[in-house]
Amino acid sequence: MKLFQCQNCAHPLFFENDTCEKCRYQLAYRDSTFDLIALGPDSADWTIPNEGSHQFTYCKNHDFNACNWLVLKTDTTGYCTACKLNRTIPDLSIKKNLKKWKRIEVAKHRLIYQLQKLSLPVQSKLSHPETGLCFDFLSRKGAGENSKNIMTGHANGVVTILISEADSVLREQMKRDMNERYRTLIGHFRHEVGHYYWEQLIFPNDKILNDFRNVFGDERPSYGKALKEYYKNGPEKKWRKNFISKYASSHPWEDWAETWAHYLHILDTLETAYYFGIKVKPQLTNKKHMKMKSAFDPYDEPSFKKIVSKAIPLFFSINSVNRSMGIADVYPFVISKSVIKKMEFIHALVRRDIA
Ligand SMILES: [Zn+2]
Ligand SMILES: [Zn+2]
Ligand SMILES: [Zn+2]
């Protein structure tokens, strides 16, 4: 993600800030320009230069400290682009839910930032029932007999996130039970939304669908059967050669969603490195492939090979820093040649280089 600074005093800011720590100006994010706007502490109206007479206000979810985005005052819903996608939020009369929901919103807003950076369509299913996207943040508690059927997943533009995933203890437990190397809220969002964009960008276009099958394999064999088999027998032995994760080897749809999520991980990480001007020049005899300089914004870079060649040394260095602190690798995966090919396909697709 990009690095923000206060428009009033140039203090560095996080994407989630709604007040500048230094000058106490109010801050709000305007998604149309990817900017945090600063407003004098006593002002009540967000009139923004170059926006003519448009008046803005905080998204309604700012009342819960769950959103700092701006919305036009004339918008009848009162919700920002990111919050318009919420179809179901947790029951906030239950004390612990507010905390969990806020964590979910942090991950969701970062996802929407990224989808907009990629100029992907972000339309709410509530206003576009056929092609839109929406989120259900659900709890199994109180769902009675139905509770087993509530799962994190995607179906027809509805992304469901179990709110228990916002509980770090339960998430860690799931990670261990599922034998996973990485499990985060943002990872869930990136994966599930990948299924949505498969339906939007790939399935309706015969040529793209054919290209997809050439790269990821044929998705038509039974999905249910493939998953059953995967949970029974585990991944194929040599999954590392062709897949980014074990789960990706279960079915081409899951391969797509996993690879898509990793593509988003890589772009976000490299954008952050770019805004911080990170350089890696390790003290190695042969450092040719382990050197990197974040000299470009990955969202503007046509060559995915160039992006991934920077990502590998960057992850290697950050993983090493994490190990110095006794915490898990930030990126505990190996990106094989055939995975790079799949990501190149995704990069070309989102850049509209294939159509
Ligand atoms: Zn400031
Ligand atoms: Zn909002
Ligand atoms: Zn999936």
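Residues numbered from 1 in each chain as written. Chains lettered and ligands numbered in written order. Predicted model: local features only at pLDDT ≥ 70, side-chain atom pairs only at ≥ 80, totals over all residues. Heavy atoms only, no water.

A. Expanded view of the sheet that holds strand β10 (residues 153-155). Taken together, the four strands give an open sheet; going across it, the order is β8-β9-β11-β10, and neighbouring strands pair in mixed fashion. Sheet topology places β8 (86-88) and β10 at the edges, where each strand pairs with a single neighbour. Strand-to-strand twist in this sheet, taken as the mean axis angle between neighbours without regard to direction, amounts to 30°. Of the strand pairs in this sheet, β10 and strand β11 (residues 158-162) are connected by three bridges, and their pairing is antiparallel. Directly across from Gly153, in β11, lies its bridge partner Thr160. Contacting β8 and β9 (134-138), helix α1 (residues 95-117) runs over the sheet at an angle of about 160° to β9. (Pairing = 2+ DSSP bridges. Helix = DSSP H or I, 4+ residues; strand = E, 2+ residues; numbered from the N terminus. Axes fitted to C-alpha atoms, helices over the stretch in contact; angles between N-to-C directions. Contact = heavy atoms within 4.5 Å.)

B. Spatial organisation of the coordination of the zinc ion (ligand 3). Ligation of the zinc ion (ligand 3) by protein atoms is provided by His191 (NE2), His195 (NE2), Glu254 (OE) and Glu254 (OE), these donors lying 2.0 to 2.8 Å from the ion. Its four donor atoms give the zinc ion (ligand 3) angles of 51 to 142° at the centre, a pattern that matches the irregular case. Read in sequence order, the donor residues coordinating the zinc ion (ligand 3) give the pattern H-x3-H-x58-E. One end of the pair, His195, is in helix α3 (residues 185-202); the other, Glu254, is in helix α7 (residues 252-276), and 59 residues separate them in sequence. For Glu254, a relative accessible area of 2% puts it in the buried group. (Donors = N, O, S within 2.8 Å, 3.2 Å for Na, K, Ca; no water. Tetrahedral: all angles 85-135°; square planar, octahedral: opposite > 155°, others 65-115°. Buried < 20%, exposed > 50% of the residue type's maximum accessible area, 1.4 Å probe, protein only.)

C. View of the domain arrangement of the chain. For the chain, the assigned domains are domain 1 (4-80) and domain 2 (84-197). Inter-centroid distance (C-alpha atoms) of domain 1 to domain 2 is 25 Å. On the domain 2 side, the residues contacting the 16 residues of domain 1 number 14 residues. Between domain 1 and domain 2, a total of about 1300 Å² is buried, with carbon and sulfur atoms accounting for 62% of that surface. (Domains from an automatic or database assignment. Buried area = accessible area lost by both parts, 1.4 Å probe.)

D. The nonpolar core, seen in detail. Membership of the largest hydrophobic core comes to 81 residues, with the highest contact counts inside it found for Ile202, Trp256 and Ile266. Counting residues per element, this core draws most heavily on α3, at nine residues. Formed jointly, this core draws a minimum of three residues from each of two domains, domain 1 (4-80) and domain 2 (84-197). Not counting residues within four places of it along the chain, the set of residues in contact with Trp256 comprises Gly194, His195, Trp198, Ile202, Phe212, Phe216, Phe345, Ile346 and Leu349. Ala28, Leu39, Ile48 and Leu70 belong to the second largest nonpolar core, which has eight residues in total. (Core = buried A, V, L, I, M, F, W, Y, C linked by side-chain atoms within 4.5 Å.)

E. Main features of the coordination of the zinc ion (ligand 2). Summarising the metal site, the zinc ion (ligand 2) is bound by the protein donors Cys59 (SG), Cys67 (SG), Cys80 (SG) and Cys83 (SG), whose distances to it range over 2.2 to 2.3 Å. Along the chain, the residues donating to the zinc ion (ligand 2) are arranged with the sequence spacing C-x7-C-x12-C-x2-C. In this pair, Cys59 is assigned in the loop between β6 (55-58) and β7 (70-72) and Cys80 in the loop between β7 and β8, connecting sequence segments 21 residues apart. Classification of Cys59 as buried rests on a relative accessible area of 1%.

F. Fine view of the environment of Gly234. Structurally, the position occupied by Gly234 is in the loop between α5 (223-233) and α6 (239-242). Placed 124 residues apart in sequence, Gly234 and Arg110 show a C-alpha to C-alpha distance of 32 Å.

G. Structural view of the packing of aromatic side chains. Counted by the stated rule, this structure contains 31 aromatic pairs. Aromatic pair Phe212 and Phe216: ring centres 5.1 Å apart, planes at 15°, arrangement stacked. Of the two residues, Phe212 and Phe216 both sit in helix α4 (residues 206-216), four residues apart, roughly one turn of that helix. Like Phe216, Phe212 is buried. Ring plane angle 65° and centroid distance 6.1 Å describe the contact between Phe216 and Phe345, whose orientation is recorded as edge-to-face. With Phe216 in helix α4 and Phe345 in helix α9 (residues 337-350), this pair connects stretches of sequence that are 129 residues apart. Classification of Phe216 by relative accessible area gives buried; the value is 7%. With relative accessibility at 8%, the residue Phe345 sits in the buried group. Clustering of aromatic rings is evident, with ring pairs tying together Tyr196, Tyr197, Trp198, Phe203, Phe212, Phe216, Tyr223, Trp253, Trp256, Trp260 and Phe345. Directly above the ring of Phe34 sits Lys117, whose terminal nitrogen or CZ lies 5.3 Å from the centroid. (Phe/Tyr/Trp six-rings, centres within 6.5 Å; stacked < 30°, edge-to-face > 60°. Lys NZ or Arg CZ within 6 Å of the ring centre and 35° of its normal.)

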